[in-house]
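Structural characterization, general
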Amino acid sequence: MPRLANKVSLITGSGSGIGRSAALLFASEGATVIVNDLSEESGLETVRLIQQAGGEAFYINADVADPNSVAEMTEIAIGKYGRIDVLFNNAGISGVGAIHEIEPESWDRVIRVNLKGVFLPCRSVLPHMMERRSGCIINMSSCIAEIGLARRASYAATKGAVLALTKSMQVDYAPYNIRVNALLPGTIMTPFVEKYLSESYEDPEIAIAAIKTRQLSGELGRPEDVARAALFLASDESSFMLGSPLYIDGGVVFGKNA
Ligand code: NAP
């Protein structure tokens, strides 16, 4: 039996990186995947890859930080499939800088996408899950919620907030048989990280070596590593996990190299 048989899953930001990897994996495990992304081209490419592999997927263009856009996305999804079993709030953007270096507009943009972009899809999808007294929400936090990292203030603030939000949400929605858990990845090699490394360092190889020193694993994380953790949270195998942070970080948070 596929692990997500008959589950309708909405994955935000699934035109790239971790989201695309999760979309492909969920579909291969029997889920119908609603692919969301700002970029129509990359969202449709995820759908094409899923369909090519024999899975079922549908693309909805929406900005997760825009209330009207999110309401429309939910309406289309519910209209087409009648329910959303799994909501994976994955979309996110990077933010670089210490507090004194960050322009207020840049701060607002990171908070808007990474935090409001979790709040809005939850707010829109939850009434449907509550009505059915069933549902699973996965929120994308980061191991940066647990550790200090240089010049990542706005990004860290959002990912810490997503972790706190996850725990509060779980208390509110447990009575409706809705599980809410969070993923806390370490550094995962995706277009998001590759762009950050090439923009922030003259020699990205030096940055990669530095990243490896803060984890216990000698390997860099891959999108599939996080996608597999998301699959576990989305499936009924994790039915006793409520409000939990799940770390996929190569040993950053709980490991010490020296
Ligand atoms: P990615 O490759 O850049 O994928 C993120 C996707 O989200 C992109 O396709 C992007 O679309 C989309 N997106 C951005 N803003 C959006 C919006 N307002 N509405 C809808 N879609 C939007 O990044 P990733 O590395 O896979 O990251 C996915 C999530 O994991 C993020 O929340 C990130 O913070 C988190 N995370 C990543 C790492 C890591 O090391 N990679 C570690 C911890 C946590 P466009 O490209 O069209 O803008």
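As recorded in an unreviewed UniProt entry, the protein chain goes by the name SDR family NAD(P)-dependent oxidoreductase, listed as coming from Cohnella boryungensis. According to the UniProt record, the Sequence similarities (unreviewed entry) comment for the protein chain is "Belongs to the short-chain dehydrogenases/reductases (SDR) family."

On to the site of the ligand, then. Looking at the ligand, there are 29 residues lining it, with S16, D37, N90, Y155 and T190 nearest. In the environment of the ligand, an oxygen atom lies 2.6 Å from a nitrogen or oxygen atom belonging to the side chain of D37. K159 is positioned with one of its side-chain polar atoms (N or O) 3.0 Å from an oxygen atom of the ligand. Starting from 890 Å² of accessible surface for the ligand in isolation, the protein chains cover 88%. Elements with a contribution of two residues or more to the shell around the ligand: α1 (17-28), β2 (32-37), α5 (153-173) and α6 (191-200). If you tally residues by element for the shell around the ligand, the top one is α6, at three residues. Partitioning the shell around the ligand into residue classes produces 14 nonpolar, twelve polar and three charged.

For the rest of this paragraph, the subject is helix α4 (residues 104-132). Here α4 contains 29 residues, and its C-alpha end-to-end distance of 41 Å stays within 8% of the 42 Å for a straight helix at 1.5 Å per residue. Of all the bends in α4, the greatest, near 40°, is centred on K116.

Applying the stated rule across the entire model yields ten salt bridges. A salt bridge links E45 to R48; the nearest nitrogen and oxygen atoms lie 2.9 Å apart. Taken as a pair, E45 and R48 lie in helix α2 (residues 40-52) at a separation of three residues, close to a single helical turn. Exposure remark for E45: the relative accessible area of 28% places this residue in the partly exposed category.

What follows concerns the packing of aromatic side chains. All chains considered together, the criterion is met by six aromatic pairs. Note on Y173 and Y176: the rings are 6.4 Å apart at their centroids and 45° apart in plane angle, and the pair reads as tilted. Given the relative accessible area of 27%, Y176 is considered partly exposed. Its guanidinium or amino end placed over the ring of F58, K80 lies 4.7 Å from that ring's centre, counting from NZ or CZ. Its guanidinium or amino end placed over the ring of Y155, R152 lies 5.0 Å from that ring's centre, counting from NZ or CZ.

Cut-offs and rules
Residues numbered from 1 in each chain as written. Predicted model: local features only at pLDDT ≥ 70, side-chain atom pairs only at ≥ 80, totals over all residues. Heavy atoms only, no water. UniProt positions renumbered as here; feature names shortened; annotations may be inferred. Near = heavy atom within 4 Å. Polar contact = N/O pair within 3.5 Å; in protein donor to acceptor, adjacent residues only side chain to side chain. Areas by Shrake-Rupley, 256 points an atom, 1.4 Å probe, with all protein chains shown as cover. Helix = DSSP H or I, 4+ residues; strand = E, 2+ residues; numbered from the N terminus. Nonpolar A, V, L, I, M, F, W, Y, C, P; charged D, E, K, R; others polar. Expected span 1.5 Å × (residues − 1). Bend = angle between axes of the 7 residues up to and from the residue. Salt bridge = Lys/Arg side-chain N within 4 Å of Asp/Glu carboxyl O. Buried < 20%, exposed > 50% of the residue type's maximum accessible area, 1.4 Å probe, protein only. Phe/Tyr/Trp six-rings, centres within 6.5 Å; stacked < 30°, edge-to-face > 60°. Lys NZ or Arg CZ within 6 Å of the ring centre and 35° of its normal.

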